[in-house]
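One letter stands for each residue in the lines below.
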Amino acid sequence: IHYFYSSSFREQPIFSTRAHVFQIDPNTKKNWVPTSKHAVTVSYFYDSTRNVYRIISLDGSKAIINSTITPNMTFTKTSQKFGQWADSRANTVYGLGFSSEHHLSKFAEKFQEFKEAARLAKEKSQEKMELTSTPSQESAGGDIQSPLTPESINGTDDERATPEVTQNSESRAEPTQNALPFTHSSTISKHWEAELATLKGNNAKLTAALLESTANVKQWKQQLAAYQEEAERLHKRVTELECVSSQANAVHTHKTELNQTIQELESTLKKKEEEIEGLKQEIDNARELQAQRDSLTQKLQEVEIRNKDLEGQLSDLEQRLEKSQNEQEAFRNNLKTLLEILDGKIFELTELRDNLAKLIECS
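On a predicted model such as this, the values are computed, not experimentally measured, just so you know.

A.B. asks: Quick rundown of the overall build of the protein? Include the residues and the values.
C.D. replies: Tallying secondary structure elements over the protein gives 6 helices and 8 strands in all. Ordered by position in the sequence, the α and β elements of the protein form the string α-β-β-β-β-β-β-β-β-α-α-α-α-α. Split into buried and exposed, the 363 residues of the protein put 18% on the buried side. Pairs at least 24 apart in sequence give 53% of the contacts found in the protein among residues at least 6 apart. A total of about 27200 Å² of accessible surface is found on the protein, and carbon and sulfur atoms cover 54% of it.

See the structure below:
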């Protein structure tokens, strides 16, 4: 409680979403263990004092995620709605289950963005540390470059300890220059005074927050004790009412029987509704079959009419064929008669020719 009250002065959420939170099983290192019963708010926080990004999630008053983003972290999408990352400082692997792929992609984009910002912040911090550890050089006009920067004033304990070591190393590195160390020492003293004032202010804020949180805890304990007493009183009252009212059991039994009867009636009604739905389906099927039957009947009638037409046409064709055959037979008979006459004429002409030939020979 003290940490979150004190961090609220310097950390502000910059992106929030909702997801189911999991942690890897510390024993098997394979199975996921849910740390929240339902979807909770997962937020990115930015600490402007330390220039770090953190992922924090609370389930009530319990912090189930408290992970500082470092440049070597990687957020991996293992499915369309699930992602994970490893936190070496917490010695665990966090997993988040989202409601949609869009929320997962947005969280992953923010993770990559803040990871890159953390990398840049770390590089800048290292550059500042290198500048701090390098002895100040006097310029042509006599200006002195300060080894401290405003960002390093509110850094971590390791960062705040570095300038002191640097100061001592610089004072030992150039003992022969008199004016430069004096000016350098004066500048460092001013920065340390400013840092001390800042630390005192932060300490006062933290103390006030701690006192406030302590008072709130005491108030919560008092409220909890009052709630417990009220719960015990209500429990005793319920017990007394149950003992005094002997009809409660009978009413409860009657209510149970009525509930069972209602459930049976609802079950029967549901079955009847299912039967009605089945009958409706059968009626629809029967209507479809009747429509098909009517259509087939109409087609059959059309086919019968066409058959009658075809039969009439066939009878007409048969009559025509028979007439044609008769005509052909009469024509053949006429041809035969004509051939017989022609044969007689030819025979007569042959005899006439023979007679003429004989007459010519005789003459």
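So, next bit.
A.B. asks: Requested: an account of the nonpolar core, with residues and values cited.
C.D. replies: By size, the foremost hydrophobic cluster in this structure holds 23 residues, and its most contacted members are I55, I65, W85, L96 and F107. For this core, the secondary-structure elements that each account for two or more residues are β1 (11-24), β3 (40-47), β4 (52-59), β5 (62-68), β8 (92-97) and α2 (101-133). For this core, the element with the highest residue contribution is α2, accounting for 6 residues. Excluding anything up to four places from it in sequence, W85 contacts I55, I65, S67, M73, T74, F75, V93, Y94, L96, F107 and F111.

A.B. asks: Report on a nonpolar patch on the surface, specifying residues and quantitative values.
C.D. replies: A cluster of nonpolar side chains, L349, L352, L356 and L359, forms an exposed patch at the surface whose accessible area comes to about 410 Å². Among the secondary structure elements, L356 is positioned in helix α6 (residues 247-362).

A.B. asks: Mind laying out unusual backbone geometry, listing which residues take part and the relevant values?
C.D. replies: Even without a glycine there, the phi angle at N51 is positive, about 60 degrees. In this fold, N51 is placed in the loop between β3 and β4. Positive phi is not limited to glycine here, since N91 has a value of about 55 degrees. Note that N91 resides in the loop between β7 (82-87) and β8.

A.B. asks: Explain the environment of V40 residue by residue, including any values.
C.D. replies: Here V40 is to be found in strand β3. Residue class for V40 comes out buried when judged on its relative accessible area of 4%. Sequence spacing of V40 and R18 is 22 residues, and the spatial spacing of their C-alpha atoms is 5.2 Å.

Reading guide: rules and limits
Starting afresh in each chain, residues are numbered from 1 along the sequence in its written order. A pLDDT threshold of at least 70 governs which residues receive local features in this predicted model, and a stricter bar of 80 or more applies before side-chain atom pairs are shown or counted, although totals over entire chains, interfaces and linings include all residues. Note that the side-chain values use all heavy atoms of the structure and ignore hydrogens as well as water. Each helix corresponds to a stretch of at least 4 residues labelled H or I by DSSP, and each strand to a stretch of at least 2 residues labelled E; elements are numbered beginning at the N terminus. Each residue is placed in one exposure class: buried if its accessible area under a 1.4 Å probe, protein chains only, is under 20% of its type's maximum, exposed if it is over 50%, and partly exposed if it falls in between. In this analysis, two residues are considered to be in contact whenever any of their non-hydrogen atoms come within 4.5 Å of each other. Surface accessibility in these figures is a Shrake-Rupley result with a 1.4 Å probe; residues are shielded only by whichever protein chains are displayed. Residue types Ala, Val, Leu, Ile, Met, Phe, Trp, Tyr and Cys, when buried and joined through side-chain atoms within 4.5 Å, form a set referred to as a nonpolar core. A residue counts toward a patch only above 30% relative accessible area and without a salt bridge, and it is joined to like-charged neighbours within 9 Å or, for Val, Leu, Ile, Met, Phe, Trp and Tyr, to nonpolar neighbours within 5 Å. For this analysis, a salt bridge means a side-chain nitrogen from Lys or Arg found within 4 Å of a carboxyl oxygen belonging to Asp or Glu.

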